[in-house]
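Each chain is listed here by its residues.
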Amino acid sequence: PRFGSPSGGEMLVHINVPNGESVAVEIEQGTTLADVKEGAALALGAAASRIGLLFAGDRLINDSNLQWLSDGDALHLVLEGSEPQVYRFAVPSIQDRRSPPGNDSIIREVSNAKHVVESQGEVIEVRASASVFKDQGWGNKKGHVYLVQKRAGIKINQACLLGRARDVPTSNVSKRTHPKWNLAVGDTLCIGYHVGDNGGHKLFVENLRVEVAVGGAVLDTGKRCVMM
């Protein structure tokens, strides 16, 4: 495996669970994926057979996957049988002009692009794509599309989904992000966008697709394990 520590020997990774806590795990040369799961199981008080590990949204399935890791990387834990819940959004079209004067930072919500969170967990990954994503084509760049988290009707988090218009391709654009949000039952996830103020700003988005993967494992953590 590729080890990212300065000595080239062991590396330290962190296994995150949806309640926002984590376990620090030291991995040495020769460590297997089974070793990592067993060490996490001992620290978390769960059966190793039920532990699944994700890195950047992709599941670790064999020892060769450990080559993806470097010192300081974060893994996400899910319990087998409690696979990530996925909230999906499909927005056929957004076509809008500038925000009202004096409201340059306003985020408008897309009607009917909302999900109410059914179980608590941590956002593991967000994947977004659009066949068209562009602004007016001149002047300042202010067009964005966002995923928004609201609690009791109040916005508490927002994440840019595709980048800024004209900083990314205008067609067939896609992006994966990993916001570290903790979701509570009853929170609302919705799609919003920002056009821009002060004359001429426009935003055009076609065939926007968004998937939000939320892990559902909540365990008591805080311990440290070292695998030799």
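Source: prediction; values computed, not measured.

Q: Mind showing me how you'd approach the overall build of the protein here?
A: Looking only at helices and strands, one finds one helix and 15 strands in the protein. The proportion of buried residues among the 228 residues of the protein is 45%. The long-range share in the protein, meaning contacts at least 24 apart out of those at least 6 apart in sequence, stands at 77%. Total accessible area computed for the protein in this model is approximately 10800 Å², and 47% of it derives from carbon and sulfur atoms.

Q: What's the story with the pairing of strand E3 (residues 51-55) in this structure? I'm lost.
A: The side chains of a regular strand alternate between both faces of the sheet. The buried fraction of E3 amounts to five of the five residues, a majority that puts the element mostly inside the structure. Residues Ile 51, Leu 53 and Phe 55 line one face of E3 and the alternating positions Gly 52 and Leu 54 line the opposite face, and both faces are buried. As judged from the two bridges shared by E3 and strand E4 (residues 58-59), these two strands associate in the antiparallel manner. Across the sheet, residue Leu 54 finds its bridge partner in E4, namely Arg 59. Remark: two residues form the turn of the hairpin made by E3 and E4, two consecutive strands paired antiparallel; Ala 56 in that turn has positive phi of roughly 55°.

Q: What exactly am I supposed to notice about the side chain of His 144 here?
A: By the secondary structure assignment, His 144 is in strand E9 (residues 144-151). A distance of 3.1 Å separates a polar side-chain atom of His 144 from the backbone oxygen of Lys 142. Look past the residues within four positions of His 144 in its chain and what remains in contact with it is Phe 133, Cys 160, Gly 163, Arg 164, Gly 192, Tyr 193, His 194 and Leu 203.

Q: Please clarify how the environment of Ser 22 should be interpreted in this entry.
A: Relative to the helices and strands, Ser 22 resides in strand E2 (residues 22-27). Classification of Ser 22 by relative accessible area gives partly exposed; the value is 32%. Residues Ser 22 and Leu 44, spaced 22 residues apart in sequence, show a C-alpha to C-alpha distance of 9.6 Å.

Parameters and conventions
All residue numbers refer to position in the chain's written sequence, counted from 1. Reporting in this predicted model follows two pLDDT cut-offs: at least 70 for local features of residues, and 80 or more for side-chain atom pairs to be given and counted; totals over whole chains, interfaces and linings ignore these cut-offs and use all residues. Hydrogens and water molecules were not included; the side-chain quantities draw on all heavy atoms of the structure. Numbering of helices and strands runs from the N terminus, with a helix taken as a DSSP run of H or I at least four residues long and a strand as a DSSP run of E at least two residues long. Whether a residue is buried, partly exposed or exposed follows from its accessible area with a 1.4 Å probe, protein chains only, as a fraction of its type maximum: under 20%, in between, or over 50%, in that order. In this description, contact between two residues means that some pair of their heavy atoms is separated by no more than 4.5 Å. Using the Shrake-Rupley algorithm and a 1.4 Å probe, accessible areas are obtained, with residue cover drawn only from the displayed protein chains. Only when DSSP finds a minimum of two bridges between them are two strands counted as paired. Within 3.5 Å is the distance limit for a polar contact, defined as a pair of N or O atoms, with the added protein rule that one can donate a hydrogen and the other accept it, and that residues adjacent in sequence qualify only through two side-chain atoms.

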